[in-house]
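Inside the fold
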Amino acid sequence: MIKVFSNKLCRYLTAFLFLNSVILPVKSSSALAAWEIKPNGVLELRTKSNTNLKAYFQKYNQKYGDRFWVDFPGELKNPRIIKGNGPIKEIRLGKPNNGKTRLVIEFKEKTYLNPLTWRMVGLDQNRWRIKIFSPKYSFKKIGEGEVEKKIRSFKTNKTSSYTRKRVNDNLQLPNVKQNKFSVVIDPGHGGPDPGAIGIGGIRETDVVLEVSKIVEKLLSEKGVKVRLTRKNEVDLNLRPRVAFANNSDADIFVSIHANASRGKRRDINGLETYYFRGWRGRLLAKKIQKQILRVSPGSPDRGVKQGRYYVIKNTRMPAVLVEIGFLTGRLDAKRLEKTTHRKRIAYAIAKGILEYFSKLG
Ligand SMILES: [Zn+2]
């Protein structure tokens, strides 16, 4: 059970961690340059640029308490143990094997941790952050070195989706030209048509409306004009949705849905994005699919597919229909019930859209 647990987390974290994957030569010195655990429970790391990190979590056993560790390439010079406070027992810096550096955070007994919600976010090419405990614990910061020190110069990677500007909390979205782009978001179903009904009665119409509204907010903050085909529980046929989009000057159309499997099989989960025609539609679908997968670890990639859905077939602009998970699937439904996950999905969709615009704009 512990294994499954830690594997799950590992998959989750690596999805975020393998963003930068230039591997340093084994002989080099540690890629860990500085670290700090803040009173709000956030661990910040500064590394060499383009470091490939791996993070793990393991539940307590007879020998150790709950542990979280990060492995860095390059060998640590002097292994050491630093005493913790609050929920943290101690921090150990070691070399698990030659050519590696490991930062281990061991928690005290009975600390409440929820590693399934943890995500390592790349703030920059050399900075990372992850929230590991709740600020309800009183904690005095511990760290070594300057985590905020900026690298003086690095070759700007034009396709990098990461910008230095922090939007809010730990979220970052790519910047695009202000007031240049416009999007129609189409929350599927509505009113008397609830769409898919999933485990525990969860309704597609509610899920996709909330996600759509968050996408609207995130994109608006980036200077993208957004219109929704519906803003509440109204009955709306497919034809007026298409007409609404075609009568607008929208650059793209994104219809948001959630799936149900035949026979309501709980073992079927996954994400998929459809387009009908054109390389632009396909590119948009790919960008969105990639991002939603990142925030849905363990949920299968059902791929980017061509589909003949009315709303993407009849809209004139590049159009996609995204299925953000199976409401009938055990894994997806449990997540989609929660606003925190809906926010993550919305963020991913917004990011996919912005990446599409920055590529074409
Ligand atoms: Zn639907």
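Now for a look at the structure at hand.

1. Re the overall build of the chain
- Each helix and strand counted, the chain has seven helices and 16 strands in total.
- In the chain, which comprises 361 residues, the share counted as buried stands at 54%.
- At a minimum sequence separation of 6, the contacts of the chain that also span at least 24 residues come to 74%.

2. As for the packing of helix α2 (residues 204-221) against helix α7 (residues 339-360)
- Between α2 and α7, the shortest axis-to-axis distance is 8 Å and the interhelical angle comes to 50 degrees. Classified by the angle their axes make, α2 and α7 are oblique. Crossing of α2 over α7 shows right-handed handedness. The segment α2 lies against α7, with D206, V207, E210, V211, I214, V215, L218 and L219 engaging T339, R342, K343, I345, A346, Y347, I349, A350, I353 and L354.
- The residue makeup of the contact of α2 with α7, split by class, is 13 nonpolar, one polar and four charged.

3. Quick look at the coordination of the zinc ion
- Bound to the zinc ion on the protein side are H189 (NE2), E204 (OE) and H257 (ND1), at distances that span 2.1 Å.
- The sequence pattern describing where the donors of the zinc ion fall on their chain is H-x14-E-x52-H. One end of the pair, E204, is in helix α2; the other, H257, is in strand β13 (residues 252-259), with 53 residues separating them in the sequence. Accessibility assignment for this pair places E204 and H257 in one class, buried.

4. Considerations on the nonpolar core
- Core analysis: the biggest nonpolar cluster contains 44 residues, and V254, I256, I324, I349 and I353 have the highest contact counts within it.
- Of all elements in the fold, only β11 (182-187), α2, β12 (225-228), β13, β14 (271-275), α4 (279-294), β16 (319-326) and α7 reach the threshold of two or more residues within this core.
- Sorting elements by how many residues they give to this core places α7 first, with ten residues.
- Leaving out residues up to four positions away in the same chain, I324 has contacts with V207, V211, I256, H257, A258, L271, L336, I345 and I349.
- One finds L45, L53, L76 and I82 within the second-largest nonpolar core, a separate group that totals 30 residues.

5. Description of the packing of α4 against α7
- Between α4 and α7, the shortest axis-to-axis distance is 8 Å and the interhelical angle comes to 140 degrees. In this structure, α4 meets α7 at a crossing whose hand is right-handed. Contact residues: α4 offers W279, R280, L283, L284, K287, I288, Q291, I292 and R294, while α7 offers I345, A348, I349, K351, G352, I353, E355, Y356, K359 and L360.
- Looking at the contact of α4 with α7 residue by residue, the classes come out as eleven nonpolar, two polar and six charged.

6. Thoughts on the packing of aromatic side chains
- If you walk through the whole model with that rule in mind, you get eight aromatic pairs.
- With a centroid separation of 4.9 Å and an interplanar angle of 75 degrees, the aromatic rings of Y274 and Y309 are classed as edge-to-face. Highlighted residues: Y274 in strand β14 and Y309 in the loop between β15 (301-306) and α5 (310-313), separated in sequence by 35 residues.
- Judged by its relative accessible area of 10%, Y274 is buried.
- Taking relative accessible area as the criterion, Y309 reaches 35% and is therefore assigned partly exposed.
- One aromatic cluster in this structure is built from F57, F68 and W118.

Rules behind the numbers
- Counting from 1, residues in each chain are numbered in the order their sequence is written.
- Confidence filtering applies because this is a predicted model: local features only for residues at pLDDT of at least 70, side-chain atom pairs given and counted only at 80 or more, and all residues used for totals across whole chains, interfaces and linings.
- By convention in this description, side-chain values take in all heavy atoms of the structure and omit both hydrogens and water.
- Counting from the N terminus, the helices are the DSSP runs of H or I reaching at least four residues and the strands are the DSSP runs of E reaching at least two.
- Buried, partly exposed and exposed residues are distinguished by accessible area as a fraction of the type maximum, computed with a 1.4 Å probe on protein chains only: under 20%, between the cut-offs, and over 50%, respectively.
- Every residue pair with non-hydrogen atoms within 4.5 Å of one another is taken to be in contact.
- For helices, the fitted axis covers only the stretch in contact; all axes are lines through C-alpha atoms, and the angles between them, taken along N-to-C directions, range from 0 to 180 degrees.
- Geometric relationships in this document are graded by angle, where less than 35 degrees denotes roughly parallel, more than 145 denotes roughly antiparallel, 65 to 115 denotes roughly perpendicular, and other angles denote oblique.
- Here a crossing is taken to be left-handed if its near helix is turned anticlockwise relative to the far helix by less than a right angle, and right-handed if that turn runs clockwise.
- In this classification, the charged set is Asp, Glu, Lys and Arg, the nonpolar set is Ala, Val, Leu, Ile, Met, Phe, Trp, Tyr, Cys and Pro, and all remaining amino acids, among them Gly, are polar.
- For Na, K and Ca the donor cut-off is 3.2 Å, while for other metals it is 2.8 Å, and in both cases only N, O and S atoms qualify; water is not among them, so sites may look incomplete.
- For this analysis, a nonpolar core means a set of buried residues of the types Ala, Val, Leu, Ile, Met, Phe, Trp, Tyr and Cys, connected via side-chain atoms within 4.5 Å.
- Under the pairing criterion, centres of Phe, Tyr and Trp rings, with the six-membered ring standing for Trp, must be within 6.5 Å; the plane angle then separates stacked pairs below 30 degrees from edge-to-face pairs above 60, leaving the rest tilted.

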